[in-house]
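# Commentary on secondary and tertiary structure
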Amino acid sequence: MAVTYLMLARLPEGGLGAFDAYESAVLPLLAEHGGRLQRRLRTLDDRVEAHLVTFPDSEAFAAYRADPRRSTAAPLLDSSGAVIELLAVRDVE
């Protein structure tokens, strides 16, 4: 069953460059694991970014999270100072 996640990243002053570099490294990996970036939004002040991402199932999401290329890029995320919140979400009828 498809799973959808909302990722919120809260960025400190000066963290945007490293965060963008991290995203450039990891977002292309989504498709390799069946993931699809539905929406990518950022606040006008560049301090919060939101992603709505769908995977075919929880195993595909776990494989994406375990991809060693994400670990390689992790120092960029760390240096950005971003605080990440990941929420499993569903459509509301």
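Let me sum up the structure you'll find in this document. What you see is a predicted model; the values in this text were computed from it and never measured. (Residues numbered from 1 in each chain as written. Predicted model: local features only at pLDDT ≥ 70, side-chain atom pairs only at ≥ 80, totals over all residues. Heavy atoms only, no water.)

### Some words on unusual backbone geometry
So the rule is basically this: Strands here mean DSSP runs of E at least two residues long; helices mean DSSP runs of H or I at least four residues long; both are numbered from the N terminus. Partly exposed residues are those whose accessible area sits between 20% and 50% of the maximum for their type, while under 20% is buried and over 50% is exposed, using a 1.4 Å probe and protein chains only.
Its identity is not glycine, yet Asp46 carries a phi of approximately 60°, on the positive side. Tracing the backbone shows Asp46 in the loop between strand 2 (36–42) and strand 3 (48–55). Its relative accessible area of 34% is what places Asp46 among the partly exposed residues.

### Details of the pairing of strand 3
Heads up, the condition is: Whether two strands pair depends on DSSP finding at least two bridges between them.
Within strand 3, 6 of the 8 residues are buried, leaving the element largely enclosed by the surrounding structure. From the end of strand 2 to the start of strand 3, which pair antiparallel, there are 5 residues, and Asp46 there has a positive phi angle of about 60°.

### Examining a nonpolar patch on the surface
Note the threshold: Here, patches come from residues exposed beyond 30% relative accessible area and free of salt bridges, joined within 9 Å for like charges and within 5 Å for nonpolar side chains (Val, Leu, Ile, Met, Phe, Trp, Tyr). Exposure was quantified through the Shrake-Rupley algorithm and a 1.4 Å probe, taking into account, for residues, occlusion by the shown protein chains and nothing else. Whenever Lys or Arg places a side-chain nitrogen within 4 Å of a carboxyl oxygen from Asp or Glu, that contact is recorded as a salt bridge.
A cluster of nonpolar residues, Leu52, Leu87 and Val89, forms a patch on the protein surface that exposes about 180 Å² of accessible area. With respect to the element layout, Leu87 can be found in strand 4 (residues 83–89). The class of Leu87 is partly exposed, set by a relative accessible area of 33%.

### Quick notes on the sheet that holds strand 3
Rules: Axis lines are fitted to C-alpha atoms, over the contacting stretch for helices. Their N-to-C directions set the angle, which ranges from 0 to 180 degrees.
With respect to topology, 4 strands assemble into an open sheet ordered 2-3-1-4, the strand pairing being antiparallel. Of all the strands in the sheet, the pair left with one neighbour each is strand 2 and strand 4. Within the sheet, the average angular offset between the axes of one strand and its neighbour, ignoring direction, is 15°. Relative to strand 3, strand 1 (residues 3–10) runs antiparallel, the two being bridged by 8 bridges. Looking at strand 3, one finds that Met7 is bridged to His51.

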